[in-house]
Structure formats: C-alpha cells, structure tokens
Amino acid sequence: MIAWSTVAVVTTVTVLFLTLLQVTSCADAAPGEGTSSCTTEPIIGVAGSWIAGCAGAAVVALSIWQIVRARRSAEQDED
C-alpha cells in the first residue's frame with residue numbers, strides 16, 4: 001500500500017507542477033507600427049497539459065484502486 005500511495009503522491013505533484021507552471025512570451029511591435037502582445041501558457045503547452053492531466057488522473061485512479069484492493073485483502077486475511 002505504501003508504494004501505491006507514493007506513486008499517487010509523486011504523480012499528483014508532478015502533474016500539478018507541469019500544468020500550473022506558466023511561461024510568458026511577448027512580441028514587441030516596432031515603435032508606431034502596432035501594439036505589443038504577450039501570451040501566458042503552461043510550460044508544456046495546452047495540449048501537453050491535457051495529456052499530462054489525463055495520464056496523471058489515470059495513474060492516480062489506478063493507485064487508489066490498488067490501495068483499496070490491498071486493504072480489502074488485508075482485512076480478509078485477518079478474519
């Protein structure tokens with residue numbers, strides 16, 4: 001159970017880091033030639049954030065399922 005709990009925590013922290021860390025890039029216009037613009041997005045991009053989030057959710061769900069399964073097995077062995 002401890003190993004699966006560790007997997008769930010490490011996965012959660014990693015996915016949160018990858019999806020919440022933002023990078024900003026700016027494009028400056030030449031003087032008198034328009035306006036400057038800046039964009040902010042996750043460090044791995046929007047698509048990468050979706051992929052990381054979905055994969056992370058699947059790993060955490062699997063970990064929780066394994067923890068519940070191990071706990072039920074331990075309870076049955078005690079009876």
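Throughout what follows, the structure given in this document is the object of discussion. (Residues numbered from 1 in each chain as written. Predicted model: local features only at pLDDT ≥ 70, side-chain atom pairs only at ≥ 80, totals over all residues. Heavy atoms only, no water.)

1. Brief notes about the overall build of the chain
Spelled out, the test is: Runs of E in the DSSP output that reach at least two residues are strands. Runs of H or I that reach at least four are helices, and both are numbered from the N terminus. Just to be clear, the radius of gyration here is over C-alpha atoms, and the globule rule we use is 2.2 Å times residues to the power 0.38.
Looking only at helices and strands, the chain has two helices and two strands in total. Listed N to C, the secondary structure of the chain is α-β-β-α in terms of helices and strands. What you see for the chain is a C-alpha radius of gyration of 21 Å, clearly larger than the 12 Å of a compact globule of 79 residues, by over 25%. Taking the principal axes of its C-alpha atoms as reference, the chain extends roughly 80 × 15 × 10 Å.

2. Here's the deal with the state of the cysteines
Applicable threshold: Any two cysteine sulfur atoms within 2.5 Å of one another count as a disulfide.
Enumeration according to the criterion identifies one disulfide in this entry. Here Cys 26 engages in a disulfide with Cys 38; their sulfurs sit 2.0 Å apart. Negative torsions about the S-S bond denote left-handed disulfides, and the value of about 110° found for Cys 26 with Cys 38 makes this one right-handed. Here Cys 26, found in strand β1 (residues 22-27), pairs with Cys 38, found in strand β2 (residues 37-42); they are twelve residues apart in sequence, far enough to count as distant.

3. Structural notes on the environment of Arg 71
Rule in force here: Exposed residues in this analysis have more than 50% of their type's maximum accessible area, buried residues have under 20%, and partly exposed residues fall in between, with area computed by a 1.4 Å probe over protein chains only.
Locating Arg 71 in the fold gives a position in helix α2 (residues 45-78). A relative accessible area of 49% means that Arg 71 is categorised as partly exposed. Arg 71 sits 65 residues away from Thr 6 along the chain, and the two C-alpha atoms are 16 Å apart.

4. Considering the side chain of Thr 11
Here is the rule: Contact criterion: two residues are considered in contact whenever any of their non-hydrogen atoms come within 4.5 Å of each other.
Here Thr 11 shows up in helix α1 (residues 2-20). With residues near it in sequence (within four places) discarded, Thr 11 still touches Gly 56, Val 59 and Val 60.

5. Describing the packing of α1 against α2
To keep it simple, the criterion reads: All axes are obtained by fitting lines to C-alpha atoms, using only the stretch in contact for helices, and the reported angles, taken between N-to-C directions, cover 0 to 180 degrees. Each angle is binned into one of four classes, with values under 35 degrees roughly parallel, values over 145 roughly antiparallel, values of 65 to 115 roughly perpendicular, and all other values oblique. By definition, any crossing whose near helix is turned counterclockwise from its far helix by less than a right angle is left-handed, and any crossing with a clockwise turn is right-handed. Three classes are used, and their members are as follows: Ala, Val, Leu, Ile, Met, Phe, Trp, Tyr, Cys and Pro are nonpolar, Asp, Glu, Lys and Arg are charged, and the others, Gly among them, are polar.
Direction vectors running N to C along α1 and α2 enclose 165°, while the axes themselves pass 9 Å from each other. One way to sum up the angle between α1 and α2 is to call them roughly antiparallel. Crossing geometry of α1 relative to α2 is assigned as left-handed. Two secondary-structure elements touch here, α1 through Trp 4, Ser 5, Val 7, Ala 8, Thr 11, Thr 12, Val 15, Leu 18 and Thr 19 and α2 through Ser 49, Ala 52, Gly 53, Gly 56, Val 59, Val 60, Leu 62, Ser 63, Gln 66 and Ile 67. Grouping the constituent residues of the contact of α1 with α2 by class yields ten nonpolar, nine polar and no charged.

6. Considerations on the environment of Ala 61
Position of Ala 61 relative to the elements: it lies in helix α2. Judged by its relative accessible area of 44%, Ala 61 falls in the partly exposed class. Along the backbone, Ala 61 and Ala 8 are 53 residues apart, and their C-alpha atoms lie at a distance of 8.3 Å.

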